[in-house]
Amino acid sequence: MDPLILASEECDIAREVVCVPANVLDLFEFNSVPIFIGLGAVIIALVMYFALRKPKLVPGKFQASVESLISLVSDSIARDVIGPEGVKYVPYLLSLFFFIWVGNLMELVPGINFPFTSRMAIPLTLALLTWVIFVVEGIRKQGLHFFLDLIWPPGVPVALKPLVGLIEFVSTLIVRPFSLTVRLFANLVAGHVMLALLLGSAGFFLLGVLGGDISVLRGSIGAAWFVVGVAIFMFEVLVGFLQAYIFTLLSAVYIESSLHPQH
Amino acid sequence: MIADVLILAEEATESSGIDLLIPTVPELVGGVLAFAVVFFVMWKFAWPQMQQLLDNRQKAIAGQIQEAEAIKAEAQSLLDDYRQQVAGAKSEANQIVEAARSQADTVKADLIAKAQTEAQGIVGKAREDASSEKARAMTEARQEVANLSIDLAEKVVGNSLDRAAQKSLVDNYLASLEGA
């Protein structure tokens, strides 16, 4: 069932140092990704329900943890970056943060070990949503001046206008959503590949020793992979949170720039 | 070793790596639906609950602070009352002690005056008694002297004398002695 195991079973642990599947793409061929995505949404809904169903004025540990995460988004991101108008966007920013974070954390859940944010569809969808809000709010707030200000920031000499206009147009309207997408996507893909290869290899080498297929000395390669894998695992805990935070923060920054013209 | 992994991974990806970058329809649909659910939960439930909670907490804290201030003010006024009462009680006690002291002084002075009067009375009466006793003794002595003188004279004369005339003679003599 698990493509990682199927692919790695073919590896020659007596000669290779890492059990790489025949095709690294196999690491990403999970037909159950939509199920994981749905599971993520259900987990978020349940956490919110149980934390805030009957919120207490003096919160317990669980409620306090969820509250502090919500405050992180509503205060440190929405209010601090966008300002008082940011309250309107809090539900969207909260959804971004929790959806991405839970998606990232799925990498670390035993039995799933797959971050659905490492699938192009998810970061792309979310980045395009932010982009649509950015453009719609900009037009709503500033009319067509929004585009003019966007491609010709105030103070650009006339002679440079065509060049600056082209650069700004491409960087703001085209590259921005893709940079947002790729930052999240690439981080999670890299994390997933590293964890899958390191912990997968560790497992095969150590099982090889137990099965008597390879010597203990050679099997110690597996122990080394295991140590490195655990370190990367802990690093991914940080990365998962950080990438969710960065994506949400940048979305807020983009929304802010469409609400408040630069001049 | 890690470089080997990367090269291997790269080689493997190059074969059909573009697949990794193309979103699949089930994932797009699943992603949009799941995000819509999450957004709905945040929009209609989590964020309003959170705002309500923060409002309630703010009200509760403000209420508690007000309550505490009211209680403090009440305690302060009670403390002032008690202090006033204690001060009143102290001055009252002082007055009572002072009054008792002055009353005692009056009683003492009265008693002393009364005792002195009584003593003077007793001394006066004693003096009176003594002088009346003395007068009585003098009268009796005078009587006795007169009688004795007459008796003596009768014995000398050998005849009874006119007792009344003799007595007045002796009395006159004694009276003249007292007058001298």
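Up top is the structure these notes are about.
We now turn to the structure provided with this report.

Cut-offs and rules
Residues numbered from 1 in each chain as written. Chains lettered and ligands numbered in written order. Predicted model: local features only at pLDDT ≥ 70, side-chain atom pairs only at ≥ 80, totals over all residues. Heavy atoms only, no water. Salt bridge = Lys/Arg side-chain N within 4 Å of Asp/Glu carboxyl O. Helix = DSSP H or I, 4+ residues; strand = E, 2+ residues; numbered from the N terminus. Buried < 20%, exposed > 50% of the residue type's maximum accessible area, 1.4 Å probe, protein only. Contact = heavy atoms within 4.5 Å. Buried area = accessible area lost by both parts, 1.4 Å probe. Polar contact = N/O pair within 3.5 Å; in protein donor to acceptor, adjacent residues only side chain to side chain. Nonpolar A, V, L, I, M, F, W, Y, C, P; charged D, E, K, R; others polar. Core = buried A, V, L, I, M, F, W, Y, C linked by side-chain atoms within 4.5 Å. Axes fitted to C-alpha atoms, helices over the stretch in contact; angles between N-to-C directions. Parallel < 35°, antiparallel > 145°, perpendicular 65-115°, else oblique. Left-handed = near helix turned anticlockwise from the far one by under 90°.

**A word on the pattern of salt bridges**
Scanning all chains against the criterion turns up ten salt bridges over all chains. One salt bridge connects B:R57 with A:E67, and the closest N-O pair in it is separated by 2.9 Å. Of the two residues, B:R57 sits in helix α3 (residues 25-157) while A:E67 sits in helix α3 (residues 61-82), which places them in two different chains. Across this residue pair, the class does not change: B:R57 and A:E67 are buried. Two residues, A:R140 and A:E137, come together in a salt bridge whose shortest N-O distance is 2.9 Å. Of the two residues, A:R140 and A:E137 are both situated in helix α5 (residues 121-142); the distance of three residues between them amounts to about one turn of the helix.

**Points about the interface of chain B and chain A**
Contacts between the two partners involve 39 residues from chain B, matched on the other side by 49 residues from chain A. Taken over both partners, the interface formed by chain B and chain A buries close to 3,600 Å², and the fraction arising from carbon and sulfur atoms is 81%. Our count for the contact surface shared by chain B and chain A stands at two salt bridges. If you look at where chain B meets chain A, you find six residue pairs in polar contact (both at pLDDT 80 or more). Mapped onto the side of chain B that touches chain A, the elements with two or more residues apiece are α1 (2-16), α2 (18-21) and α3 of chain B. Among the residues making up the side of chain B that touches chain A, the classes are represented as 26 nonpolar, ten polar and three charged.

**A closer look at the nonpolar core**
In this structure, A:M48, A:I70, A:L93, A:F98 and A:F99 are the most contacted members of the largest nonpolar core, which totals 81 residues. Of all elements in the fold, only α2 (33-52), α3, α4 (90-105), α5, α6 (145-151), α7 (161-210) and α8 (216-259) of chain A together with α3 of chain B reach the threshold of two or more residues within this core. Ignoring sequence-local partners within four residues, the contact set of A:F99 consists of A:I37, A:I44, A:F116, A:I122, A:L126, B:G31, B:A34, B:F35 and B:V38.

**What about unusual backbone geometry?**
Residue and element names in this part refer to chain A. Residue N113 is not a glycine yet carries a positive backbone phi of 45°. With respect to the helices, strands and loops of the structure, N113 is situated in the loop between α4 and α5. For N113, a relative accessible area of 34% puts it in the partly exposed group.

**Structural notes on the packing of α4(A) against α5(A)**
Residue and element names in this part refer to chain A. Where α4 contacts α5, the two axes come as close as 12 Å, and the packing angle between them is 165°. When the interaxial angle is binned, α4 and α5 end up roughly antiparallel. Here the hand of the crossing between α4 and α5 comes out left-handed. Seen from α4, the contacting residues are Y92, L96, F99 and I100; seen from α5, they are I122, L126, L129, T130 and I133. Broken down by class, the residue content of the contact of α4 with α5 amounts to eight nonpolar, one polar and no charged.

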